[in-house]
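Each chain is listed here by its residues.
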Amino acid sequence: MQFQFANFADFLAMDGHGIYVWISFAVTFAALAALVLYPQLARRRLQRELLKQQRIAQRRRKAKAQQADMEEPA
């Protein structure tokens, strides 16, 4: 079995084309990572926003109920 490159430095250089190969790999993996992470982060943000809206609505209902209790004639 014979290897294509004599050593690891030659492998990284790839006869002068290594910079293009490794940059393309980096861009591809960065894009794939973004495709995985962005929806997860957006989902968490949406869940936090929904919980915040629910808490606000609950406080408003509670305040409205307390106000109605105070306005009732005794």
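Residues numbered from 1 in each chain as written. Predicted model: local features only at pLDDT ≥ 70, side-chain atom pairs only at ≥ 80, totals over all residues. Heavy atoms only, no water.

### Considering the UniProt feature "transmembrane region" (unreviewed entry) in the chain
Mapped onto the present numbering, the UniProt feature "transmembrane region" (unreviewed entry) falls at residues 19-38. Annotated as residues 19-38, this span is 100% helix and 0% strand, and its ends, taken at the C-alpha atoms, are 28 Å apart. (UniProt positions renumbered as here; feature names shortened; annotations may be inferred. Helix = DSSP H or I, 4+ residues; strand = E, 2+ residues; numbered from the N terminus.)

### Focus: a nonpolar patch on the surface
A surface patch of nonpolar side chains, amounting to about 820 Å² of accessible area, comprises Phe8, Phe11, Leu12, Trp22, Phe25, Phe29, Leu32 and Leu35. When contributions to the nonpolar patch are tallied by element, the ones reaching two or more residues are α1 (8-13) and α2 (18-71). No other element matches α2, which puts five residues into the nonpolar patch. Counting through the fold element by element, Trp22 comes out in helix α2. A relative accessible area of 33% means that Trp22 is categorised as partly exposed. (Patch = residues over 30% accessible without salt bridge, like charges linked within 9 Å, V, L, I, M, F, W, Y side chains within 5 Å. Areas by Shrake-Rupley, 256 points an atom, 1.4 Å probe, with all protein chains shown as cover. Salt bridge = Lys/Arg side-chain N within 4 Å of Asp/Glu carboxyl O. Buried < 20%, exposed > 50% of the residue type's maximum accessible area, 1.4 Å probe, protein only.)

### Description of unusual backbone geometry
Backbone geometry at Met14 places phi at a positive 50°, although glycine is not the residue there. Inspection of the secondary structure puts Met14 in the loop between α1 and α2. Looking at Met14, the relative accessible area reads 17%, which means it is buried. Its identity is not glycine, yet Asp15 carries a phi of approximately 55°, on the positive side. Within the secondary structure layout, Asp15 lies in the loop between α1 and α2. Its relative accessible area of 71% is what places Asp15 among the exposed residues.

### Let's talk about the packing of aromatic side chains
In the structure shown here, the tally under the stated rule is five aromatic pairs. Between the aromatic rings of Phe8 and Phe11, the centroid separation amounts to 5.9 Å while the plane-to-plane angle is 35°, which identifies the pairing as tilted. Placement of both Phe8 and Phe11 in helix α1 is noted, with a separation of three residues, approximately one turn of the helix. Judged by centre distance (6.1 Å) and plane angle (20°), the ring pair of Phe25 and Phe29 falls under stacked. Separated by four residues within a single helix, Phe25 and Phe29 lie in helix α2, roughly one turn from each other. Residue classification places Phe25 among the partly exposed residues on the basis of a relative accessible area of 40%. What links up through ring pairs into an aromatic cluster is the set Phe5, Phe8, Phe11, Trp22, Phe25 and Phe29. (Phe/Tyr/Trp six-rings, centres within 6.5 Å; stacked < 30°, edge-to-face > 60°.)

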